[in-house]
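Architecture and fold: a report
Chain by chain, the residues:
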Amino acid sequence: MATPGLPPTFSIASIDAQRVEGALARIGPKWTTWTAMTLAQVNGPVRVRDVASQLPFVSEQFVGKRLATMHADGLVIRDDGRRGAPYGLSALGTSLAPVLRTVSDWSRTHLTQEPMAEAERVEDALRRSHLRHSTAVIQALDSAEGPMRFVHIAEAARLDNGLARQRLVRLQADGLVTRTGSRHEDPYVLTDAGQALGAVYASVEHRSQPLALRSGTAPAAATRTHVGIPLGAGADGARTAAALRRSAAAFNVMFSHAPQPEPRVPAAVTAQSAPGRGR
């Protein structure tokens with residue numbers, strides 16, 4: 001039975017991995033979603049210091065750099081080019097709401113249902129999927145008829161052994177890939193969460209063209225970031241708790257419009273990634 005709120009099953013094998021990873025490299029870095037949701041909550045442009053005041057444990061200088069990157073990628077706009085001019089979400093930034101919704105649904109269904117700020121949930125999920133070449137490894141495992149040994153994964157993904165092993169270790173730690181046994185030579189399979197990434201990839205690919213046009217360059221290698229945001233004591237703790245509450249409100253504001261229809265994949269293609277292939 002399909003999970004309410006999630007698009008139907010999509011073929012991971014049919015995804016353009018480079019295009020997807022190029023888009024994920026731009027929306028995946030930590031605090032990008034938090035920043036976008038903060039801007040969505042406010043009617044009108046917002047200055048850097050006002051955005052920083054809404055985020056926990058983030059300096060104004062860092063927020064300024066994050067907004068500059070988002071501006072270069074077309075996710076935010078400014079009233080003019082003068083120093084200190086306020087920022088607002090662009091049409092492209094706002095159009096990513098269905099992508100973030102799909103990512104959040106995937107996380108809630110396959111990763112964790114524990115309460116957390118929606119921005120944190122989305123960023124944690126994106127952290128697991130936005131490293132370059134991870135999609136190629138996922139595709140190789142999804143296309144296999146059963147468990148797959150390391151050397152065959154590296155060959156199918158066209159990666160050298162060292163990089164392929166790094167990606168497999170990371171994907172295991174993130175709960176997307178697992179081994180069939182405890183021995184070092186045991187083959188790999190996708191977890192349920194890994195198999196369900198087709199919907200996320202399809203949503204990202206469907207809306208990635210504007211990001212690709214803005215970039216004009218090869219996707220940058222993403223960096224790993226920490227997952228959680230600690231709730232400490234004192235002023236910092238109070239600020240963090242307030243930011244977590246605001247995140248939920250911003251999520252609803254950003255996603256208040258009707259979701260755009262997700263792309264449909266022909267049944268013949270979708271059947272290639274259907275369950276029951278002896279994982």
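Everything discussed here concerns the structure shown above.
Rules and cut-offs
Residues numbered from 1 in each chain as written. Predicted model: local features only at pLDDT ≥ 70, side-chain atom pairs only at ≥ 80, totals over all residues. Heavy atoms only, no water. Phe/Tyr/Trp six-rings, centres within 6.5 Å; stacked < 30°, edge-to-face > 60°. Buried < 20%, exposed > 50% of the residue type's maximum accessible area, 1.4 Å probe, protein only. Lys NZ or Arg CZ within 6 Å of the ring centre and 35° of its normal. Salt bridge = Lys/Arg side-chain N within 4 Å of Asp/Glu carboxyl O. Helix = DSSP H or I, 4+ residues; strand = E, 2+ residues; numbered from the N terminus.

Quick notes on the packing of aromatic side chains
This model, assessed by the stated rule, comprises 1 aromatic pair. Aromatic side chains Trp31 and Trp34 sit 5.7 Å apart centroid to centroid with 55° between the ring planes, which places their arrangement in the tilted category. There is no split in this pair, since Trp31 and Trp34 are both buried. Positioned over the ring face of Trp31 is Lys30, at 5.0 Å from the centre of the ring.

Quick word on the pattern of salt bridges
Counting across every chain of the model gives 9 salt bridges. Here Glu118 ties to Arg108 by a salt bridge, and the two come within 2.3 Å at their closest N and O atoms. Linking Glu118 in helix H7 (residues 118-127) with Arg108 in helix H6 (residues 97-110), this pair joins segments that are 10 residues apart in sequence. A relative accessible area of 13% means that Glu118 is categorised as buried. Residue Arg108 is classed as partly exposed on the basis of its relative accessible area, which comes to 30%. The salt bridge partner of Arg183 is Glu185, with a shortest N-O separation of 3.8 Å. Overall, the relative accessible area of 45% leaves Glu185 in the partly exposed class.

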